[in-house]
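Now for the letters of each chain:
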Amino acid sequence: NPNIFTFNASITALQRGQQPALAASLLDDMRVAVVAPDVVTRSTLITGCARAQRWEEAVHHFAELRLQHLRADVVVFNATINACERGAQW
């Protein structure tokens, strides 16, 4: 059965392959598998969105992280700021 580690590894691989939409679609698979996204999941998605200049999705993932009551670290904040900067939303 997939767990948080396999999902995060898959999301990371898809982000590195410049497939942010496909990576984000794994969140649905996580829900089905009853695996909650963690800070690493959200951080990876935000970073991928920043690289793809998808600032709105990055901000969405940041908001979801906060709704999950996960603690954002410096990596998450920097990735979100970077996404907004790349999208000229600062």
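These numbers were taken from a predicted model, which means no experiment stands behind them.

Basis of the calculations
Just so you know, the residues in each chain are numbered from 1, in the order the chain's sequence is written. Where totals are concerned, whole chains, interfaces and linings use all residues; where local detail is concerned, this predicted model gives features only for residues with pLDDT of at least 70, and gives and counts side-chain atom pairs only at 80 or more. The basis for every side-chain value is the complete set of non-hydrogen atoms in the structure, without hydrogens or water. Here a strand is any run of E in DSSP of at least two residues, a helix any run of H or I of at least four, and the numbering for each starts at the N terminus. Working definition: with a 1.4 Å probe on protein chains only, accessible area under 20% of the residue-type maximum means buried, over 50% means exposed, and in between means partly exposed. Two N or O atoms form a polar contact when they lie within 3.5 Å of each other; inside protein one atom must be a possible hydrogen donor and the other a possible acceptor, and for residues adjacent in sequence the pair counts only when both atoms belong to side chains.

Chemist: Explain the environment of Arg-31 to me, please; I cannot follow it from the model alone.
Modeler: Summarising the element assignment, Arg-31 is placed in helix H2 (residues 20-32). Classification of Arg-31 by relative accessible area gives exposed; the value is 51%. Only 2.8 Å separates the side chain of Arg-31 from the side chain of Asp-28, close enough to count as a polar contact.

Chemist: Is there a simple way to think about unusual backbone geometry in this case?
Modeler: Negative phi values dominate among residues other than glycine, just as trans dominates among peptide bonds. Of note in this structure, Gln-18 is not a glycine but carries a positive phi near 60 degrees. Examined against the element boundaries, Gln-18 turns out to sit in the loop between helix H1 (4-16) and H2. Overall, Gln-18 belongs to the exposed group, its relative accessible area being 66%. Unusually for a residue other than glycine, Val-34 sits at a positive phi of about 55 degrees. Here Val-34 is to be found in the loop between H2 and helix H3 (39-51).

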